[in-house]
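# Inside the fold
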Amino acid sequence: MAVSPMQKVHIFAHSSQRAPLVRDLQNMEIIHIINPNEEDESAAEAHPEEEVRDVIRGMQNDLSRLQSAIDYLADFEEKKGLLAGLMGGNIILSSQEYSKLAKEVSHGEWRNICNECQELEDEYAGLTNREGRLRSDRENLSTWDNLNIPIEDIKQTEKTIINIGVIPAAVYDTLISDAENSKADLAFHKIGDTKTEINFMVIYLKEDEQDANALLNRYGFSQASLPLTSGTVADRIKEIDKELAELNSKRDEISQKSTQLAVHRTELMAIYDHMSELLSQEQVRESFIKTEHTFAIEGWVQKNNVDNLKNNLTSKYEELEIIISEPTEEDQPPVDLEIKGPADPFQMVTRLYGIPAYKEIDPTPLIAPFFAFFFGICITDAGYGFLVALLGYFMAKKMAPGSTKNLFRLLIFAGIATIVVGALTGGWFGIKPDRLPSFLLSVRILDPQGSGQMTFFAAILVIGFIQVWFGYFVKMYVDIRDGDYAAAFLDQFPWLLAMILTPVVVALYMSAGLNTPTLAVLVILLISVVVIIGFAGRESSNPVARLGTGGFELYSKLTGTAGDILSYLRLFALGLATGIIASVINTMAGMMWGSAIGKVVAIGILIGGHIFNLVINALGGFIHTARLQFVEFFTKFYEGGGEEFRPFRKEHTYITVADSGSLQKK
C-alpha cells in the first residue's frame, strides 16, 4: 500500500535546446512538470510572448475545427454493432500509419475537409430550419384548406368588411344565434374546424362595424393571420409540399457527400491527436522560467526513473544541467499509486473519494477485501454473483485500460465474493431451499430469509465492528509511522483496547457473573477509559479543561463508533431485499406456468425480473458499500486530496499507436 516515492528535478539548458528537449521529455513520459504560472503568479518571465500566445490560440482554433468535423462525420460512419458501441475504445494504428497521417498536418488537406464539413453542416442546419418553418406554416394552413378565395381578395370593399378568424367551438352556435338578433347585419361562412375551434369568414357593413366587433369580441373572436400573401390556401399547401420534397432531396445529397467524407474521419482523428501533442509541447515549453539564453524546467520524477532521465538527457545534450533533490516539508509532490495484484481495480473506489496525499498511506489494499465482501452481502445470491463475475470478466477482456476496465475487473472480485456469500446463505436465484439440490444446501451455514435472520443481523454488526476497529488500528499505525507516539498510545491504543474489552466484559458477566476474570478485564477497561479522559486534552494546561475535553472525547467516541457500527445494518437490509424480491419473481412466474402462453410469459418474468433485481441491487450494493468505506472507514485515518502524478506525455483522445498492425477497432 505504498505511494511511489518522488524526487524533485531541476533541468537547466540553453534556449536553442528547448524544442527538442520538450519533445524528448514528452516521448519519455516520466516527468510531471510543474507550471510556475500555477505556483507563482508573479513569475512574469514565465508568461509567453504575444506571438507565442497567437500560435497557441491558432492551434486551439484548429483543434476546435477538427473536433467539429470529427463529431459531424460520426453520424455518417458505418454503424457499429450494439456491443461494439458499448465497448467504445480508441482506433488502433501502427506507428507507421500514425506517422503518415500526422504528416497531413503540414500538407493542410485536412483544412479543406474541415471547411467542407462546416459548409455541409451549415447547409444541413439551414435546410432543417427552413423545414421547421414550412411545416409550421403548413400546420397553420391545414385547417383553412377549404378557403377557396385568393387571400388578396379578402379585403375591405367600399361598403363592407371581410374578416377571417377563429372562435371557440363551444360558443359558435350561440354567436350565430345572437348575430341573428343583433342590430348589425353579419354573414358567416364556416371554413374548417378542430376539436376546440371553428375557422370562419364573417362579412358585415362598415356602418355596423362597432356593433359587429363588440359581438365578435364578446365570444372570443381572434382574427387569423395566414402565412401567405397571395393565392389560395390549397395552392400554398401544394407549394409547401413541393418545397419540403426538394428539401428532403437536398438533405439526401448532403448525407451522401458527408458519407463520402466520413472515410477521412480516422485521418482527422490522427491529425487531432498529433496536433494535441504539438499544442501540449507549445504550452509546456512556453511555461518555463527563462532568460534571454537559458530556460529551466522544474518537475517531479519517480525515484526509480531518475537515473533513466539523467542518462537519456545527458547523453544527448551537452549544454544541460540536472539537479535532483528530495521533497522538503513544504513540498506537496504528486502521487502515483503503486498497486499490483488483486487490489489494483479497487483504485477506482479510492479515486472516487480522492487520492491520498504524498505522505499518506494508500487505502486501496485495505478496502479491497471489505468492499468485495460487503458487495456480496448486499446481493447474497450465488447465481447473481456468477452473472456479475461473468459480465466483469467478459467486459474487462474487451476494454482498453482505464477506469471503465477497472470497474469490470472490480466486478469480477465482487462477483466471486457474492458467490461465496450466496452459497453460505443458500441464495441461488431466489429458489426456495426445499427445491435446491442437496449438495448446494450442504454448504449453507445460515438462512437469512428464515430461522437464521437474527444470526445474519448479528453477523453484520460484528463485521461492522471489525472494520471500524480496523480503521482505528490503521490510524494508530500511521501515528507510529509518523513518530506521533503520544497520539498512538494515549489516544488510539486505549480506545482500541476499550472497544475489544467492552463486549468481552459483557460476555463474561452474562456467562459467569462478577468473578475474578471478569473483574480483571473490567479493571483494564476502566484504566483505558481513564487514559482517554486524562490525556485527550493534554495540550491544555488547565486541569478542569483537560478533564472536560477528555470526557467529551470519550462521549464522542462512544456515540460516533456506535453510530458507525449501526450504519452497517444497511448491508443486512439490502441482503434481505435481494433474496425476497428474487423469491417473489419466482412465485409470480410459477403462477403463470399453466398454459403454453403462460409459460412464455413466465419465462419473460423470470428473465426480466431477475435482470432488474440484479441491476438495481448491484447498483445499490455498490453505492452503499462505497459509502461505508468513505464515511465509516476512511474518516478514522484518511484525508485524501493529493495531486495525481501526471507525467508529460502524448495524450491521445482517439488513436492508440501500436508497434504493428493495421487499422482496426478495439
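## Here's the deal with the overall build of the protein
- Each helix and strand in the protein was counted, giving 23 helices and 14 strands.
- Viewed in the frame of its principal axes, the protein has a C-alpha envelope of about 120 × 80 × 65 Å.
- Scored against the burial criterion, the 666 residues of the protein give a buried share of 42%.
- For the protein, restricting intrachain contacts to residue pairs at least 6 apart in sequence, the fraction spanning at least 24 positions comes to 79%.
- Separation between the mean location of the 58 positive side-chain charges and that of the 84 negative ones in the protein comes to 6 Å.

## Quick word on helix α23 (residues 596-633)
- Its 38 residues place the ends of α23 53 Å apart at the C-alpha level, agreeing with the 56 Å of an ideal helix rising 1.5 Å per residue.
- The opening residue of α23, the one whose side-chain oxygen lies 3.0 Å from the backbone nitrogen of G598, is S595.

## Digging into unusual backbone geometry
- Even without a glycine there, the phi angle at E29 is positive, about 60 degrees.
- Among the structural elements, E29 can be located in the loop between α1 (18-28) and β3 (31-33).
- Phi is positive for F429, close to 55 degrees, though the residue is something other than glycine.
- When its relative accessible area of 30% is taken as the criterion, F429 is described as partly exposed.

## Observations concerning a nonpolar patch on the surface
- Nonpolar side chains collect at one region of the surface, where F386, L387, L390, F429 and I431 lie side by side and expose about 430 Å² of accessible area between them.
- Turning to its location among the elements, F429 is positioned in the loop between α16 (403-425) and α17 (438-441).

## Remarks on the pattern of salt bridges
- Enumeration over the complete set of coordinates arrives at 24 salt bridges.
- One salt bridge connects D344 with R409, and the closest N-O pair in it is separated by 2.8 Å. One end of the pair, D344, is in the loop between β12 (337-338) and α13 (347-353); the other, R409, is in helix α16, and 65 residues separate them in sequence.
- Here D344 falls in the buried class, since its relative accessible area comes to 16%.
- Its salt-bridge partner being K557, residue E553 comes within 3.6 Å of it at the nearest N-O pair. Placement of both E553 and K557 in helix α21 (residues 543-567) is noted, with a separation of 4 residues, approximately one turn of the helix.
- A cluster of three or more residues bridged by salt bridges with shared partners is formed by K8, E298 and D331.

## Details of the environment of K190
- Positionally, K190 belongs in strand β6 (residues 186-193).
- Using a relative accessible area of 43% as the deciding quantity, one classes K190 as partly exposed.
- Remark: the alpha-carbon pair of K190 and V202, spanning 12 residues in sequence, is separated by 8.8 Å.
- Setting aside anything within four residues of it in sequence, one finds K190 in contact with Y172, I198, N199 and F200.
- For K190, the side chain forms a polar contact with the side chain of D193, separated by 3.3 Å.

## Focus on the packing of aromatic side chains
- Considering all chains together, one arrives at 31 aromatic pairs under this definition.
- Arranged with centres 5.5 Å apart and planes meeting at 75 degrees, the rings of Y272 and Y654 form a pair that is edge-to-face. Remark: Y654 occurs in the loop between α23 and β13 (655-658) and Y272 occurs in helix α11 (residues 265-285); sequence separation between them is 382 residues.
- Note on Y272: relative accessible area 14%, which makes it buried.
- Ring centres 6.0 Å apart and planes at 70 degrees place the aromatic pair F346 and F371 in the edge-to-face group. In this pair, F346 sits in the loop between β12 and α13 while F371 sits in helix α14 (residues 364-379), placing the two residues 25 residues apart along the sequence.

## Remarks on the packing of helix α18 (residues 453-481) against α23
- At a minimum axis distance of 10 Å, the contact between α18 and α23 shows a crossing angle of 45 degrees. Judged by the inter-axis angle, α18 sits oblique to α23. At the point where α18 passes α23, the crossing takes the right-handed sense. Touching Q467, V468, F470 and G471 of α18 are Q629, E632 and F633, all from α23.
- The residue makeup of the contact of α18 with α23, split by class, is 3 nonpolar, 3 polar and 1 charged.

## Some details on the sheet that holds strand β5 (residues 160-168)
- The strand order across the open sheet built from 4 strands is β6-β7-β5-β8, with neighbouring strands paired in antiparallel fashion. Looking at strand neighbours, the two that pair on one side only are β6 and β8 (222-223), the edges of this open sheet.

## Here's the deal with the packing of helix α22 (residues 569-591) against α23
- The contact between α22 and α23 brings their axes to 9 Å, and the two run at 175 degrees. One element, α22, and the other, α23, form an angle in the roughly antiparallel class.
- Here the contact of α22 with α23 is composed, by residue class, of 11 nonpolar, 10 polar and 2 charged.

## Side note on the confidence of the model for the protein
- Scored by pLDDT, the protein comes out at a mean of 87, with 93% of its residues at no less than 70.
- Across residues 81-87 the pLDDT falls below 50, and counting only partners more than four positions away or on other chains, this stretch makes 7 contacts in the model.
- Segment residues 660-666: pLDDT under 50, and 21 contacts once partners within four positions in sequence are set aside and those in other chains are kept.

## Remarks on helix α12 (residues 306-314)
- V306, L309 and L313 are the residues of α12 that are buried. One side of α12 holds all its buried residues, which, seen down the axis, span an arc of 65 degrees. Exposed positions of α12 whose direction lies more than 90 degrees from the buried face are D307 and N311.
- Contacts made by the buried residues of α12 are with β2 (6-14), α1, β10 (294-302) and β11 (320-325).

## Side note on the state of the cysteines
- Scanning all chains against the criterion turns up 0 disulfides.
- Free cysteine: C114, not disulfide-bonded; nearest cysteine sulfur from C117 at 6.4 Å.
- Take C114: its relative accessible area is 5%, and that puts it in the buried class.

## What about the nonpolar core?
- Counting residues in each nonpolar core, the largest one holds 50 residues, and the members touching the most others are L66, W144, L147, I164, L226, L268 and I655.
- Counting residues per element, the ones that place at least two in this core are α3 (50-74), β4 (91-94), α5 (95-102), α7 (109-142), β5, α10 (233-261) and α11.
- When near neighbours in sequence (up to four residues on either side) are disregarded, L66 contacts W110, C114, L268, I271, Y272 and M275.
- Membership of the second largest hydrophobic core comes to 44 residues, among which are V349, I355, A618 and Y638.

Criteria and cut-off values
- Residues numbered from 1 in each chain as written.
- Predicted model: local features only at pLDDT ≥ 70, side-chain atom pairs only at ≥ 80, totals over all residues.
- Heavy atoms only, no water.
- Helix = DSSP H or I, 4+ residues; strand = E, 2+ residues; numbered from the N terminus.
- Buried < 20%, exposed > 50% of the residue type's maximum accessible area, 1.4 Å probe, protein only.
- Contact = heavy atoms within 4.5 Å.
- Lys, Arg positive; Asp, Glu negative; His and termini not counted.
- Charge placed at Lys NZ, Arg CZ, Asp CG, Glu CD.
- Expected span 1.5 Å × (residues − 1).
- Polar contact = N/O pair within 3.5 Å; in protein donor to acceptor, adjacent residues only side chain to side chain.
- Patch = residues over 30% accessible without salt bridge, like charges linked within 9 Å, V, L, I, M, F, W, Y side chains within 5 Å.
- Areas by Shrake-Rupley, 256 points an atom, 1.4 Å probe, with all protein chains shown as cover.
- Salt bridge = Lys/Arg side-chain N within 4 Å of Asp/Glu carboxyl O.
- Phe/Tyr/Trp six-rings, centres within 6.5 Å; stacked < 30°, edge-to-face > 60°.
- Axes fitted to C-alpha atoms, helices over the stretch in contact; angles between N-to-C directions.
- Parallel < 35°, antiparallel > 145°, perpendicular 65-115°, else oblique.
- Left-handed = near helix turned anticlockwise from the far one by under 90°.
- Nonpolar A, V, L, I, M, F, W, Y, C, P; charged D, E, K, R; others polar.
- Pairing = 2+ DSSP bridges.
- pLDDT = per-residue confidence, 0-100.
- Arc of directions from axis to C-beta.
- Disulfide = S-S within 2.5 Å.
- Core = buried A, V, L, I, M, F, W, Y, C linked by side-chain atoms within 4.5 Å.

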